[in-house]
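Summary of structural features
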Amino acid sequence: MSIDKVSHIGIAVKSIDDRIKFYQDSLGLKSTKTEVVEEQKVKVAFLELENMRLELVEPTSKESSIAKFIDKRGEGIHHIAFEVRDIEEVFLNMRKAGIRILGDSVSKGAHGSKVFFTHPKDTGGILMEFVEEVENG
Ligand code: ZN
């Protein structure tokens, strides 16, 4: 399997504008621009650490799974994302292992990346995202 590292930890927030101040002002982290990811019905901003990032995820619709998560459990850690080299290979490995994949396909993530999520019930209660970064250009 070609999993390189933790790409980011996803944190569900009601409002990026409200929450980002803590990370910028109190923790001194630099943030990327906010980006809407239509496919996931969310808005995201990344905070840069040396080897990984934090992803603030705000729902843009009540139908968003992030909105449902916040309704049920409140704001907080939502998912852990692993960076992979070949997302199709990892996808097939998960399928072979009988791990359910949310939406049953690879879809578009932030900044043109390819992503999929596995079902938390099949992975010990942790929502996992797998990300293949796509070079810009
Ligand atoms: Zn993520």
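Above this text sits the structure in question.
Residues numbered from 1 in each chain as written. Predicted model: local features only at pLDDT ≥ 70, side-chain atom pairs only at ≥ 80, totals over all residues. Heavy atoms only, no water.

We now examine the overall build of the protein. Within the protein one finds three helices and nine strands. Computed over the C-alpha atoms, the radius of gyration of the protein is 15 Å, within 12% of the 14 Å expected from 2.2 N^0.38 for a compact globule of 137 residues. With the C-alpha coordinates aligned to their principal axes, the bounding extent of the protein is approximately 45 × 35 × 25 Å. Counting only residues that meet the buried cut, the protein has 40% of its 137 residues in that class. Taking the contacts inside the protein whose residues are at least 6 apart along the sequence as the reference set, 54% of them involve residues at least 24 apart. Counting every atom, the protein has about 8100 Å² of accessible surface; 50% of that belongs to carbon and sulfur. For the protein, the separation between the mean place of its 20 positive charges and that of its 24 negative charges on side chains is 5 Å. (Helix = DSSP H or I, 4+ residues; strand = E, 2+ residues; numbered from the N terminus. Rg over C-alpha atoms; globule rule 2.2 N^0.38 Å. Buried < 20%, exposed > 50% of the residue type's maximum accessible area, 1.4 Å probe, protein only. Contact = heavy atoms within 4.5 Å. Areas by Shrake-Rupley, 256 points an atom, 1.4 Å probe, with all protein chains shown as cover. Lys, Arg positive; Asp, Glu negative; His and termini not counted. Charge placed at Lys NZ, Arg CZ, Asp CG, Glu CD.)

One pair of aromatic rings is described through two measures. These are the centre distance and the angle between the planes. Inspection of the entire model under this criterion finds four aromatic pairs. Between the aromatic rings of F116 and F130, the centroid separation amounts to 5.1 Å while the plane-to-plane angle is 25 degrees, which identifies the pairing as stacked. Of this pair, F116 sits in strand β8 (residues 114-118) while F130 sits in strand β9 (residues 128-132), and the two are 14 residues apart along the sequence. There is no split in this pair, since F116 and F130 are both buried. Through pairs of rings, three or more aromatic residues link up here, namely F82, F91, F116 and F130. (Phe/Tyr/Trp six-rings, centres within 6.5 Å; stacked < 30°, edge-to-face > 60°.)

With that out of the way, let us pick up the nonpolar core. Core analysis: the biggest nonpolar cluster contains 11 residues, these being F82, V84, I87, V90, F91, M94, I99, I101, F116, M128 and F130. Elements with a contribution of two residues or more to this core: β6 (76-84), α3 (87-96) and β9. Ranked by residues supplied to this core, first place goes to α3 with four residues. With residues up to four places along the chain from it excluded, the contact list for I87 reads V106, K114, V115, F116, F130, V131 and E132. (Core = buried A, V, L, I, M, F, W, Y, C linked by side-chain atoms within 4.5 Å.)

You can see E83 is positioned in strand β6. Summary of buried charges: E83 has no salt-bridge partner, and the nearest side chain of opposite charge, K5, is 4.0 Å away. Excluding its chain neighbours within four sequence positions, the residues that come into contact with E83 are S2, I3, D4, K5, S7, V131 and E133. (Salt bridge = Lys/Arg side-chain N within 4 Å of Asp/Glu carboxyl O.)

Coordination of the zinc ion by the protein is provided by H8 (NE2), E55 (OE), H79 (NE2) and E129 (OE), with metal-donor distances spanning 2.0 to 2.1 Å. For the zinc ion, the four donor atoms are set out with angles of 87 to 177 degrees between them, so the coordination reads as irregular. Each donor residue of the zinc ion lies on one chain, and together they are spaced H-x46-E-x23-H-x49-E. Of this pair, H79 sits in strand β6 while E129 is found in strand β9, placing the two residues 50 residues apart along the sequence. Each member of the pair H79 and E129 is classed as buried. (Donors = N, O, S within 2.8 Å, 3.2 Å for Na, K, Ca; no water. Tetrahedral: all angles 85-135°; square planar, octahedral: opposite > 155°, others 65-115°.)

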